[in-house]
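# A structural walkthrough
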There are 2 protein chains.
Amino acid sequence: MVEIRTPIHVNEAIRRVMSYAIAGPKTYVAIEDSLGHYLGEDLIADHDVPAFDRSPYDGFAIRAEDTLDASKGYPIKLEVIGEIGAGDVFEDEVQANKAVRIMTGAQIPNGCDAVIMLEHVELLEHVELLEHDRKTFIQLERRLRTNENITRKGEDTRQGEILVKKGTYINPGVMALLATFGYKQVPVIQKPKVGIISTGSELLTVDAALEPGKIRDSNSYMLLGQIERAGGVPVLLGQFKDDFTLCYNQVADALGKVDILLTTGGVSVGDYDYIPAILDKLKARVLFNKVRMRPGSVTTVAAVEGKLLFGLSGNPSSCYVGFELFTRPIIRTYLQSNHPFMRREIIQLGSAFTRPNPFDRFVRGKLQYEKGQTIAVPVGLDKPNIVTSLAEADILIMLPGGGEVYEKGMEVTAILLEDQTGATMDSFMHGPVNY
Amino acid sequence: MVEIRTPIHVNEAIRRVMSYAIAGPKTYVAIEDSLGHYLGEDLIADHDVPAFDRSPYDGFAIRAEDTLDASKGYPIKLEVIGEIGAGDVFEDEVQANKAVRIMTGAQIPNGCDAVIMLEHVELLEHVELLEHDRKTFIQLERRLRTNENITRKGEDTRQGEILVKKGTYINPGVMALLATFGYKQVPVIQKPKVGIISTGSELLTVDAALEPGKIRDSNSYMLLGQIERAGGVPVLLGQFKDDFTLCYNQVADALGKVDILLTTGGVSVGDYDYIPAILDKLKARVLFNKVRMRPGSVTTVAAVEGKLLFGLSGNPSSCYVGFELFTRPIIRTYLQSNHPFMRREIIQLGSAFTRPNPFDRFVRGKLQYEKGQTIAVPVGLDKPNIVTSLAEADILIMLPGGGEVYEKGMEVTAILLEDQTGATMDSFMHGPVNY
C-alpha cells in the first residue's frame, strides 16, 4: 500500500508547527551556571546606577562656589582635608575652601558639588605655624560649574528600570548585569526535555563492533548535539523494538516523560515504517507528512495531547535539516526567545546548481571568504557521504524551488547554523527584513 | 609617580600574545558530552563507508547478465526468492534468473550486481504445479548494466581516511561521524582552566546588600561567561586583598593552579594599582601595558614561567574587549583550533562617528537588518552605562584609528561575538581575505 501524500510549502509547514509552540516554565540556576540559558523574568535594576553621585576622574572634590573668583592668572587655593579611595565614604561635610582627593568611581562627599581633574591643579605643601601642623593645598586657575565632572546618581539607570527582557539569551554581558543587580540565583526558563528514539533494524549502538549489513546509529548523537545547540536537554531513549505493539508502547511511554519527542527513521512509505501507524493509533493530529523541500521531504510532525512529535527521516541530512527548520524554533519558543529562528544572510553562491528542482533545497554549505566577499560554498557535493558533509557545514544554502537555475556568484540566502543571535519567524521566512 | 607607557598597535599586541600561545593536552569525554569540545586527534574512518555494497533504493537485487534480452515490449521474468530488510543479510548465493526484494540501505546479496527500482518492475504471482508451491515473479522491460544502482563498498569513505582534523570544533555533524566510527569515548583537547581575580576595594560580592560608595563585582561574572563561551573552564578566585604582600601571594598561588590567569582592575597608573608592582616582583615579562585601542588601552599582558597573565581593565567594556581580542585566541589555540580568532564581516555602519580618534575603536554593536542589508548598529551610545550595552552587543564594530571620520552607511568591519565558526589570525588582522 503506497499512500499518496500532498506536499506543503516549507513556510506553511513552519506555520503549522509553530501554532503548537508552547512557552516553558520558570526555574532558577546559580549565576555561575546561567550562560546560554534564557531569562525567566525581566531583569530589573534593584538600585540606581550609579547608586550615588560619583567621580568619573581622579581629582579633587570641591565646592563650585569656592571657585567663583578663579581664572587664568588668578589662582585660588583650597585646603586638602582628606582622601577618598574607590569604595570609601568621606564622613564629614566638606566646608568652604576645602577639597578632598577623590579616586575614579568614588562617592562625592557631602558639601561638594564638582570635581577638578588631577592634571588641572597644582599641589602645594605648606608648613604653617608649628612644625607638626603640615597642610596640603591645591591651587587652580579656573571656575567650575555646579555638578561639573560629577556622574549623578541614577544617571545611567533608574531603580526599577527593565534592563533586559524575559526570554533574552544570557550572554556574558547579561551576566555582568545580573551580578550588578544582585541576582545570585537567576530566574531562567527551564530547558525542555527532548526525547530521541531511533528506528531501523540495521542500527548498531556506537560501541558495537560492525556486523554485516549493519551501520552504527549516528542520527541519535547528531540530534543530541542539535538539541543541546538549540538549548534543550536531550534524552536518549534508545532504539525501536521490532514489534509494532512494543514500538507503540515505547512512544506512548516516552510522550509522558519528555516535552518534545523526536523519532528518526520509519517515516517514509516503505514496508517497515511504523511511525504513521503509531500516530494513527495515538489519535495524533498529523500536521503534515510531506514538505516541498529537499532533503527532508518526508518529515512528519504530529501533535498528541499538546505535545509535538517530530518524525524525522532516517537519512542523516534529511534528519538534520528537518530538525533545524522545525524543531529548533519550537525549542527556542519554549525557552521564550524572541528570536527563535536561525539568522539568515544574503551571500554569494560559490557553485552553480543548473538543474532546477520543484522543491526548495537546503544545501549543506560552508562560509568562505574570497577577496573580502563572503561566499556560500556547498560541501560534500562530490561525495555522496552526507555524514561527512554535515561535519563541515556551518550554513544551509537555501535555493527556492521552481524552474530557476542558480549560477555561481548569484546572491542566495544562507541560514547560519552556528550563530546564537537568532531571528524572528517573519525574518526567517521572508528574508533579512524587519529583523 | 605617573609612568609613561608607549602604546602599541592592536595587531602587534596580538602577535606578542600569540607568540606565547601553547597547545593543551588530550583527554577523553563520552560522545554524549562532546558537543563544543575540540577534537584531540584526527577522526579516522574505522571502516569503509558503505561497509558493504548497498542498495540506494527500494527494489530488487538481480544479476545484470539475466537482463541482456530485456527491452521495451520484450519483458523478461525473474523469480523472487527472498527479501532483505535494512540490516538483514541474505545468506545464499543468488542464481541465474532469480531476484531478491531489497530495501534502501540493505546489503546486496552474493551473486547480484544490479538493483532495479520497485517502480520499474511488474509483480506477478504464479501458482504453479501444486497448490502449496506459490511463487512470485517480477517482469522487467529494460537491460541493466553491471553495478547499476549499487552504492559500492568504500565509495563514500575509505577505511583509514582522515575525515575531521584534530582541533576541529565538535558540532552535531561531527558527532554523527564520531558515532558512525564507534567513538564511544571521544579524544578531545582538555579545556584550559582560566582563573579570575577581581581587584578594587569598592567591590561587593553578588549576594551582598549595597553599601554606600560600593558596587557589586560584575566583571568576574562577565569574564566567567566569556571564558565559557571561548571554551575554557572559569575558576573564580575571589577578590584581591588590601595588602600588597597578600595580593602578591594570591597571584603567585593562582598561577600554580590555572593555565591562564586574568585579573580585572588595578592596571592603570592610579595610586591604588598593585598589578604593575606584582608583575615586577614576579619577574614577569611584560609583553605590553598600553594598546592603541579604545576601550581597553591599559590592558596589560605578561608572561610568567610560560603562563600568560592578562591584566584586564576594571572598566567593564575595556575588560570585555581586552578579553575577546587577546585572551579568546589564546584559549582557542590551547584547544588547538585552526580558527582561534573571531570571524569578521564587512557590513554597513548604522550611525556616524564624526570625531576622529588616534586609537582603533571597538564599539559595542548589534546586527540589524534593513531592506535586506545587514547594518551594524552601535548600542549604548546614548547612555554611559556600559554594562547595559554589553548585554545587547553581538558584534564589535571596528573603526581604525587615525584622522578618518565614519559616516552612516559606510562599510566597516564587524567582529562577530556569538559565532562559533572562527577565523585565522591572518584573516582576523587583515580582514575577511584568505579565510
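Note that the structure is predicted; figures quoted are calculated from it, not measured.

## Considerations on the interface of chain B and chain A
Between chain B and chain A, the contact holds 88 residues from the first and 89 residues from the second. Carbon and sulfur atoms supply 60% of the area that chain B and chain A bury against each other, a total of about 7,100 Å² over both sides. At the boundary of chain B with chain A, the tally comes to two salt bridges. Residue R216 of chain B is joined to D46 of chain A by a salt bridge in which the shortest nitrogen-to-oxygen separation is 3.2 Å. At the boundary of chain B with chain A, the tally comes to twelve residue pairs in polar contact (both at pLDDT 80 or more). Every element with two or more residues in the side of chain B that touches chain A is listed here: β9 (162-164), α2 (172-180), α3 (219-230), β20 (344-349), β21 (360-370) and α7 (386-392) of chain B. Take the side of chain B that touches chain A: its biggest share by element is nine residues, from α2 of chain B. Residue classes in the side of chain B that touches chain A are distributed as 40 nonpolar, 21 polar and 27 charged.

## Describing the domain arrangement of chain A
With domains assigned, chain A is organised as domain 1 (10-25 + 190-334), domain 2 (43-49 + 157-188), domain 3 (59-140) and domain 4 (344-418). Using C-alpha coordinates to define each centre, domain 3 of chain A is positioned 67 Å away from domain 4 of chain A.

## With respect to the sheet that holds strand β18 (residues 300-304) of chain B
All names here are of chain B. Across the sheet, which stays open at both edges, the six strands sit in the order β14-β11-β15-β19-β18-β16 with mixed pairing between neighbours. Lying at the two open borders of the sheet, with one neighbouring strand each, are β14 (233-239) and β16 (285-288). Direction aside, the axes of adjacent strands within the sheet are offset by 20° on average. Examined bridge by bridge, strand β11 (residues 193-198) and β14 share five bridges and lie parallel to one another.

## Observations regarding the environment of E392 of chain A
Residue and element names in this part refer to chain A. Relative to the helices and strands, E392 resides in helix α7 (residues 386-392). When the C-alpha positions of E392 and G365 are compared, they lie 7.6 Å apart, and in sequence the two are 27 residues distant. Discounting chain neighbours no more than four positions away, the residues touching E392 are G365, K366 and V379.

## Details of the relation of the copies chain B and chain A
Once chain B has been moved 0.0 Å along the axis and rotated by 180°, it coincides with chain A to within an RMSD of 0.1 Å. Both copies of the chain, as the preceding transformation shows, are related through a two-fold rotation axis. In terms of proximity to the rotation axis, the leading residue of chain B is D419 of chain B, whose C-alpha is 2.4 Å off the axis. Residue by residue, 100% of the interface of chain B is reproduced at the interface of chain A, so both copies engage with the same surface.

## Notes on helix α6 (residues 316-334) of chain B
Note: α-helices contain 3.6 residues per turn, so residues at a spacing of three or four share the same orientation. Residues and elements named next belong to chain B. An ideal rise of 1.5 Å per residue puts 27 Å on 19 residues; α6 measures up with 25 Å between its terminal C-alpha atoms. The sharpest bend along α6 reaches about 40° and sits at E324. Of all 19 residues in α6, 19 are buried, a share of seventy percent or more. Between the side-chain oxygen of the N-cap and the backbone nitrogen of S317 there are 3.0 Å, and the N-cap of α6 in question is N315. Looking at the residues trailing α6, positive phi occurs at Q336, about 65°.

## Some remarks on the pattern of salt bridges
All names here are of chain A. By the definition in use, this model includes 40 salt bridges over all chains. Linking E418 and R229 is a salt bridge whose minimum nitrogen-to-oxygen distance equals 2.7 Å. Of this pair, E418 sits in the loop between β24 (411-416) and α8 (425-430) while R229 sits in helix α3 (residues 219-230), and the two are 189 residues apart along the sequence. For the pair E418 and R229, a shared accessibility class is recorded, and that class is buried. Between R343 and E345 there is a salt bridge whose closest N-O contact spans 3.8 Å. Salt bridges here are not isolated pairs; linked through shared partners, they connect R229, E324, R328 and E418.

## So, the packing of α3 of chain A against α2 of chain B
In contact at an axis separation of 7 Å, α3 of chain A and α2 of chain B are set at 155° when each is read in the N-to-C sense. Taken together, α3 of chain A and α2 of chain B sit at an angle that is classed as roughly antiparallel. The two elements α3 of chain A and α2 of chain B cross, and the hand of that crossing is right-handed. On α2 of chain B, the residues touching Y221, M222, L224, G225, Q226 and R229 of chain A of α3 of chain A are P172, M175, A176 and A179 of chain B. For the contact of α3 of chain A with α2 of chain B, the per-class residue count stands at seven nonpolar, two polar and one charged.

## Focus on the packing of aromatic side chains
All told, the structure shown has eight aromatic pairs over all chains when counted by the stated rule. An angle of 80° between the planes, with centres 5.7 Å apart, marks the rings of F244 of chain A and Y274 of chain A as edge-to-face. Residue F244 of chain A is found in helix α4 (residues 244-257), and its partner Y274 of chain A is found in the loop between β15 (260-264) and α5 (275-281); the two are separated by 30 residues along the sequence. Looking at F244 of chain A, the relative accessible area reads 25%, which means it is partly exposed. A relative accessible area of 27% means that Y274 of chain A is categorised as partly exposed. Here the aromatic rings of F288 of chain B and F326 of chain B are separated by 5.4 Å at their centres, their planes lie at 55°, and the arrangement is tilted. In this pair, F288 of chain B sits in strand β16 while F326 of chain B sits in helix α6, placing the two residues 38 residues apart along the sequence.

## Section: unusual backbone geometry
Residue and element names in this part refer to chain A. With omega at -10°, the peptide bond leading from V49 into P50 counts as cis. Its location among the elements puts P50 in the loop between β2 (43-44) and β3 (59-62). With an omega of -5°, the peptide bond running from R294 to P295 counts as cis. In the Ramachandran plot, Q336 falls in the positive-phi region, its phi being about 65° despite a non-glycine side chain. Structurally, the position occupied by Q336 is in the loop between α6 (316-334) and β20 (344-349).

The rules behind these values
- Residues numbered from 1 in each chain as written.
- Chains lettered and ligands numbered in written order.
- Predicted model: local features only at pLDDT ≥ 70, side-chain atom pairs only at ≥ 80, totals over all residues.
- Heavy atoms only, no water.
- Contact = heavy atoms within 4.5 Å.
- Buried area = accessible area lost by both parts, 1.4 Å probe.
- Salt bridge = Lys/Arg side-chain N within 4 Å of Asp/Glu carboxyl O.
- Polar contact = N/O pair within 3.5 Å; in protein donor to acceptor, adjacent residues only side chain to side chain.
- Helix = DSSP H or I, 4+ residues; strand = E, 2+ residues; numbered from the N terminus.
- Nonpolar A, V, L, I, M, F, W, Y, C, P; charged D, E, K, R; others polar.
- Domains from an automatic or database assignment.
- Pairing = 2+ DSSP bridges.
- Axes fitted to C-alpha atoms, helices over the stretch in contact; angles between N-to-C directions.
- Least-squares fit on C-alpha atoms with pLDDT ≥ 70 in both.
- Expected span 1.5 Å × (residues − 1).
- Bend = angle between axes of the 7 residues up to and from the residue.
- Buried < 20%, exposed > 50% of the residue type's maximum accessible area, 1.4 Å probe, protein only.
- Parallel < 35°, antiparallel > 145°, perpendicular 65-115°, else oblique.
- Left-handed = near helix turned anticlockwise from the far one by under 90°.
- Phe/Tyr/Trp six-rings, centres within 6.5 Å; stacked < 30°, edge-to-face > 60°.

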